Amino acid sequence: MTAAEIASVLSRNRLAHADEDEMQRAIAEVLAGAGIPFEREARLGRDRIDFLAGAVGIECKIKGSRAAVARQLYGYARFPQVGALVLATTRAQHRSLAGVILEKPVRVVYLGAP
């Protein structure tokens, strides 16, 4: 499944997001319900991305500056097992992170403020 398809599945669902744990639980339920296989807290080197669905990394963000989140996504994009990224976020400023990092597509699913 592509990052665009996963972003579409996530955006069609109401995702609880009072905090990152709740958002992650809601995303896990949506992915499972859509029959999308995933690994939660997938290890990438010394880091962990919230989800890895095939070659699509999914990161959840409630807080964080645009620059800090961009650095985190860049770090994930360095790994060959990550072919694309989806950022699920409540921060309007994070929407500008959609595009390409290290030749890998980045989709943003904006959930609105909690």
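Residues numbered from 1 in each chain as written. Predicted model: local features only at pLDDT ≥ 70, side-chain atom pairs only at ≥ 80, totals over all residues. Heavy atoms only, no water.

Let us look at helix α2 (residues 20-33). If you check α2, its first and last C-alpha atoms are 20 Å apart, about what 14 residues at 1.5 Å a residue would give, namely 20 Å. Three or more residues of α2 are buried, namely Met23, Gln24, Ala26, Ile27, Ala28, Val30 and Leu31. Tucked inside the fold, the buried residues of α2 contact α1 (3-11), β1 (39-44), β2 (47-53), β3 (56-61) and β4 (84-89). Its side-chain oxygen placed 3.1 Å from the backbone nitrogen of Asp21, Asp19 serves as the N-cap of α2. Downstream of α2 by one or two residues, Gly35 has phi in the positive range, about 75 degrees. (Helix = DSSP H or I, 4+ residues; strand = E, 2+ residues; numbered from the N terminus. Expected span 1.5 Å × (residues − 1). Buried < 20%, exposed > 50% of the residue type's maximum accessible area, 1.4 Å probe, protein only. Contact = heavy atoms within 4.5 Å. Polar contact = N/O pair within 3.5 Å; in protein donor to acceptor, adjacent residues only side chain to side chain.)

As a further point, take helix α3 (residues 66-77). The first and last C-alpha atoms of α3 sit 16 Å apart over 12 residues, in line with the 16 Å expected at 1.5 Å per residue. Within α3, the full set of buried residues consists of Val69, Ala70, Leu73, Gly75, Tyr76 and Ala77.

On to the sheet that holds β1, then. The 6 strands are arranged β1-β2-β3-β4-β6-β5 in an open sheet whose pairing can be described as mixed. Edge positions in the sheet fall to β1 and β5 (99-101), since each of these pairs with one other strand and no more. Adjacent strand axes in the sheet meet at a mean angle of 40 degrees when their direction is disregarded. Of the strand pairs in this sheet, β5 and strand β6 (residues 104-110) are connected by 3 bridges, and their pairing is antiparallel. Bridging from a neighbouring strand, Gly99 pairs with Val106 of β6. (Pairing = 2+ DSSP bridges. Axes fitted to C-alpha atoms, helices over the stretch in contact; angles between N-to-C directions.)

Counting residues in each nonpolar core, the largest one holds 24 residues, and the members touching the most others are Ile6, Leu10, Ile27, Leu31, Ile58 and Val86. The element that contributes the greatest number of residues to this core is α2, accounting for 6 residues. What Ile58 contacts, discounting residues up to four positions off in sequence, is Ile6, Leu10, Leu31, Ile49, Asp50, Phe51, Ala53 and Val86. The next biggest cluster of nonpolar side chains, apart from the first, holds 16 residues, and it includes Leu44, Val82, Leu87 and Ile101. (Core = buried A, V, L, I, M, F, W, Y, C linked by side-chain atoms within 4.5 Å.)

Quick look at the packing of α1 against α2 now. In the contact formed by α1 and α2, the axes pass within 10 Å of each other and the chain directions differ by 110 degrees. Regarding the angle of α1 to α2, the classification is roughly perpendicular. Remark: the crossing between α1 and α2 carries right-handed chirality. When α1 is examined against α2, the residues Ile6, Val9 and Leu10 are found in contact with a partner set consisting of Ile27, Val30 and Leu31. Here the residues of the contact of α1 with α2 are counted per class, giving 6 nonpolar, no polar and no charged. (Parallel < 35°, antiparallel > 145°, perpendicular 65-115°, else oblique. Left-handed = near helix turned anticlockwise from the far one by under 90°. Nonpolar A, V, L, I, M, F, W, Y, C, P; charged D, E, K, R; others polar.)

Fair warning: the whole summary comes from geometry, so function is off the table for now.
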